[in-house]
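# Survey of secondary and tertiary structure
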Amino acid sequence: MVREAVQSDLDALLELYLHLHEKSIPEKDEHLMNMWKQIMEDPNHHIIVNVVDDRIVSTCVCLIIPNMTRGVRPHAFVENVVTHEDYRKKGYAGECLEYALQLAQKENCYKMMLLTGSKDPETLRFYENAGYNSNDKTAFVRWL
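Bear in mind that the values here come from a model prediction, so they are computed numbers and not experimental data.

With that settled, the discussion passes to the overall build of the protein chain. Counting secondary structure elements, the protein chain contains four helices and five strands. Element order for the protein chain, N to C, with α for helix and β for strand: β-α-α-β-β-β-α-β-α. Expected size for 144 residues packed as a compact globule is a radius of gyration near 15 Å; at 15 Å, the protein chain falls within 12% of this value. When its C-alpha atoms are laid out on the principal axes, the protein chain stretches across 40 × 35 × 35 Å. Restricting the contact set of the protein chain to residue pairs at least 6 apart, pairs at least 24 apart contribute 60%.

Pasting the structure below:
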């Protein structure tokens, strides 16, 4: 079942992020809890989860970004797409991306963007099959 994350999903999400690029689960300190509260209260920040047998197995984040161009239409940014290693290749992440697409369409976004650090051809093909392309834009990242 695909849905948006709720307050009680924090621990499961932090554990799932270990299958993305995190090396450890962050300490549940004031900073983390304030960030979680801010995300949960932001109507433009959507953490989408796919739940199988009462377990969050896949997730992505969809941010709706207000914009003054393109007919004053927002755009969407997708990030942190991950599926638990034991549940990959079953369509769960694709279902999360489809939910994000529906959110973006509902908000009248004119485009969706997604960045990946992966060079794995299978991962890139997955994003292409989900409707994303790497031809229209050039992405640059400046790490802080």
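Tallied over the full model, the rule gives two aromatic pairs. Ring centres of Phe126 and Tyr127 lie 5.2 Å apart, and the angle between their planes is 55°; this geometry places the pair in the tilted category. Accessibility expressed as a relative area gives 10% for Tyr127, which makes it buried.

Its location among the elements puts Tyr110 in the loop between helix 3 (92–106) and strand 5 (112–114). Overall, Tyr110 belongs to the partly exposed group, its relative accessible area being 24%. Taking C-alpha positions, Tyr110 is 17 Å from His46, a pair spaced 64 residues apart along the chain. The contact partners of Tyr110, leaving out residues within four places of it in the chain, are Asn67, Arg70, Arg73, Pro74 and His75.

Looking now at the sheet that holds strand 3 (residues 55–65). Paired through their backbone hydrogen bonds, the strands of a sheet run either parallel or antiparallel. Pairing in this open sheet of five strands is mixed, and the strands run 1-2-3-4-5 from one edge to the other. This sheet does not close on itself; its edge strands, each paired only once, are strand 1 (2–4) and strand 5. Going from strand to strand, the sheet's axes swing by 25° on average, the running direction of each strand aside. Of the pairings in the sheet, the one linking strand 3 to strand 4 (residues 75–83) comprises seven bridges and is antiparallel in character. Looking across to strand 4, one finds that Cys62 is bridged to Val78.

For Ala5, the location among the structural elements is in the loop between strand 1 and helix 1 (10–16). Excluding anything up to four places from it in sequence, Ala5 contacts Leu13, Trp36, Met40, Ile47 and Val49.

Among all residues save glycine, negative phi is the norm, and among peptide bonds the norm is trans. Phi is positive for Arg70, close to 55°, though the residue is something other than glycine. Position of Arg70 among the secondary structure elements: in the loop between strand 3 and strand 4. Residue Asn108 is not a glycine yet carries a positive backbone phi of 65°. Tracing the chain through its elements places Asn108 in the loop between helix 3 and strand 5.

Taken together, the side chains of Leu115, Val141 and Trp143 define a hydrophobic patch exposed on the protein surface, amounting to about 390 Å² of accessible area. The residue Val141 is located in the segment after helix 4 (121–129) in this model.

Okay, the pairing of strand 2 (residues 45–52) next. For strand 2, the tally of buried residues reaches eight of eight residues, placing the bulk of the element in the interior. Note: strand 1 against strand 2, three bridges, orientation antiparallel. Within strand 2, the residue paired with Glu4 across the bridge is Ile48. Of the pairings in the sheet, the one linking strand 2 to strand 3 comprises eight bridges and is antiparallel in character. The partner of His45 across the bridge, within strand 3, is Leu63. Here strand 2 hands over to strand 3 after two residues, with Asp53 in that stretch at a positive phi of 50°.

The rules behind the values
Residues numbered from 1 in each chain as written. Predicted model: local features only at pLDDT ≥ 70, side-chain atom pairs only at ≥ 80, totals over all residues. Heavy atoms only, no water. Helix = DSSP H or I, 4+ residues; strand = E, 2+ residues; numbered from the N terminus. Rg over C-alpha atoms; globule rule 2.2 N^0.38 Å. Contact = heavy atoms within 4.5 Å. Phe/Tyr/Trp six-rings, centres within 6.5 Å; stacked < 30°, edge-to-face > 60°. Buried < 20%, exposed > 50% of the residue type's maximum accessible area, 1.4 Å probe, protein only. Pairing = 2+ DSSP bridges. Axes fitted to C-alpha atoms, helices over the stretch in contact; angles between N-to-C directions. Patch = residues over 30% accessible without salt bridge, like charges linked within 9 Å, V, L, I, M, F, W, Y side chains within 5 Å. Areas by Shrake-Rupley, 256 points an atom, 1.4 Å probe, with all protein chains shown as cover. Salt bridge = Lys/Arg side-chain N within 4 Å of Asp/Glu carboxyl O.

Interpretation note: all reported values are geometric properties and have no functional meaning in isolation.
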